[in-house]
Amino acid sequence: MVSIWENWRRSRQPVAKFDTIGGASSYAIELTKRTPQVSLTGQDATHGTLRIGLSWRMRSADVMSTAGHKRLNALRHPLELFKPGEVVGHTMGLVNVDFDLACLYELEDGTKGVVQPLGNLIGDFGGPPYLKLSGDDRFGSASGETIYANMDHADKFRRLLIFVYIYDGTPAFARADVLVTLITADGTHIEIGLTDPNPSARACAVALIEREKGELVARREVKYVYGFQSEIDRLYGWGLAWGRATKSSG
């Protein structure tokens with residue numbers, strides 16, 4: 001059965017183009033409460049590039065006023081009904097919300113850190129931490145934000161914690177459908193929807209990648225916190241020292 005997240009992904013963007021190994025085989029695995037984890041080793045995802053993507057859209061309740069306006073306008077201009085809707089929906093109520101994708105990492109040599117837009121900590125793909133952040137999507141566009149993980153150095157990763165936080169604006173997880181997708185080198189999509197959001201949360205731990213019985217496993221977390229990165233850190237015992245920072249204007 002195709003997941004609701006797969007239907008949403010297909011409806012809001014064309015088929016992604018990316019490098020593949022052994023052909024363009026693409027299908028989705030949805031991590032849920034009932035099936036919370038998948039072996040990346042079993043998916044042959046411990047080589048090449050693992051793309052970790054963030055995308056989001058406003059909930060239907062937030063577009064009702066916009067849809068109602070369109071129907072009213074269609075009475076005056078019937079052809080308006082045949083115009084395609086916006087691929088990305090966001091109203092003035094959500095323009096000030098900035099969902100950011102980030103990743104806490106711990107390498108096998110004990111090195112710890114974070115890759116995130118805040119502080120321009122974009123990482124390095126070719127060297128430690130073998131993670132690189134690209135893009136800062138403030139409007140939930142199809143391109144979104146992506147973290148590239150160099151899985152040719154998967155043996156260097158002890159654990160990776162993927163999380164999402166709201167940089168600016170009011171808490172809005174309950175007002176948006178937020179999706180994090182892991183895309184393996186052969187095109188497999190592993191989807192984690194941020195379900196059952198806490199209206200007051202400002203950050204959410206989404207997925208933890210670590211070794212279990214010799215395999216690299218991705219496990220769904222979806223744990224909301226009221227604070228920001230430091231609270232995510234405390235929840236998982238990373239032990240980093242956090243300070244105030246701002247985003248680059250570029």
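Residues numbered from 1 in each chain as written. Predicted model: local features only at pLDDT ≥ 70, side-chain atom pairs only at ≥ 80, totals over all residues. Heavy atoms only, no water.

1. A word on the overall build of the protein
Now for step 1: A count of helices and strands for the protein gives 4 helices and 13 strands.
Now for step 2: A sequence separation of at least 24 residues applies to 72% of the contacts in the protein between residues at least 6 apart.
Now for step 3: For the protein, the accessible area works out to roughly 12800 Å², and carbon and sulfur atoms hold 53% of it. (Helix = DSSP H or I, 4+ residues; strand = E, 2+ residues; numbered from the N terminus. Contact = heavy atoms within 4.5 Å. Areas by Shrake-Rupley, 256 points an atom, 1.4 Å probe, with all protein chains shown as cover.)

2. Remarks on the pairing of strand β13 (residues 215–225)
For a regular strand, the rule is simple: side chains alternate between the two faces of the sheet.
Now for step 1: In terms of burial, β13 is largely enclosed, as 8 of its 11 residues are buried.
Now for step 2: Sheet analysis places strand β2 (residues 37–39) next to β13, joined by 3 bridges and oriented antiparallel. Across the sheet, the residue bridging to S39 is V217, located in β13.
Now for step 3: Inspection of the sheet shows strand β12 (residues 203–212) paired to β13 by 9 bridges, in the antiparallel sense. Residue pairing in the sheet places I209 in a bridge with A218 of β13.
Now for step 4: Hairpin connection between β12 and β13: a loop of 2 residues separates the two successive antiparallel strands, and K213 in this loop has a positive phi of roughly 55 degrees. (Buried < 20%, exposed > 50% of the residue type's maximum accessible area, 1.4 Å probe, protein only. Pairing = 2+ DSSP bridges.)

3. Brief notes about the sheet that holds strand β10 (residues 176–183)
Two strands in a sheet stick together by hydrogen bonds in their backbones, pointing the same way (parallel) or opposite ways (antiparallel).
Now for step 1: With mixed pairing, the 7 strands of this open sheet are ordered in space as β1-β11-β10-β3-β8-β7-β6. The open sheet has two free edges, formed respectively by β1 (28–30) and β6 (123–124), since each of these has just one partner strand.
Now for step 2: Where strand β3 (residues 49–58) meets β10, 8 bridges bridge the pair, whose relative direction is antiparallel. The residue bridging M58 from the neighbouring strand is A176, located in β10.

4. Some thoughts on the pattern of salt bridges
Now for step 1: What the rule picks out here adds up to 10 salt bridges.
Now for step 2: We note a salt bridge from R158 to E108, for which the minimum N-O separation is 3.5 Å. One end of the pair, R158, is in strand β9 (residues 157–166); the other, E108, is in the loop between β4 (99–107) and β5 (112–115), and 50 residues separate them in sequence.
Now for step 3: The salt bridge involving K156 is made with D155; its shortest N-O contact spans 3.9 Å. (Salt bridge = Lys/Arg side-chain N within 4 Å of Asp/Glu carboxyl O.)

5. What to know about the nonpolar core
Now for step 1: The biggest cluster of nonpolar side chains holds 46 residues, and the ones touching the most others in it are F99 and F173.
Now for step 2: If we ignore the near neighbours within four places in the chain, the residues touching F173 are F99, V164, I166, V178, L194, P197, N198, A201, R202, A203, C204 and Y224.
Now for step 3: Counting residues in each nonpolar core, the second largest holds 14 residues, with A102, L104, A203 and Y236 among its members. (Core = buried A, V, L, I, M, F, W, Y, C linked by side-chain atoms within 4.5 Å.)

6. Things to note about the sheet that holds β5
Now for step 1: With antiparallel pairing, the 6 strands of this open sheet are ordered in space as β2-β13-β12-β9-β4-β5. On the outer flanks of this sheet lie β2 and β5, each paired with one strand and no other. Here the strands of the sheet are splayed against their neighbours by 20 degrees on average, with no regard to which way each runs.
Now for step 2: Where β4 and β5 come together, 4 bridges link them in antiparallel fashion. The residue bridging C103 from the neighbouring strand is V115, located in β5. (Axes fitted to C-alpha atoms, helices over the stretch in contact; angles between N-to-C directions.)

7. Side note on the packing of aromatic side chains
Remark: the centre distance and the inter-plane angle together describe each pair of aromatic rings, the angle taken between the planes.
Now for step 1: Overall, the coordinates contain 4 aromatic pairs when judged by the stated rule.
Now for step 2: Measuring from ring centre to ring centre gives 5.6 Å for F173 and Y224, while their planes differ by 70 degrees; the resulting arrangement is edge-to-face. Of this pair, F173 sits in the loop between β9 and β10 while Y224 is found in strand β13, placing the two residues 51 residues apart along the sequence. Residues F173 and Y224 agree in their burial class; the two are buried.
Now for step 3: The positively charged end of R159 is found above the aromatic ring belonging to W238, 3.7 Å away from the centroid. (Phe/Tyr/Trp six-rings, centres within 6.5 Å; stacked < 30°, edge-to-face > 60°. Lys NZ or Arg CZ within 6 Å of the ring centre and 35° of its normal.)

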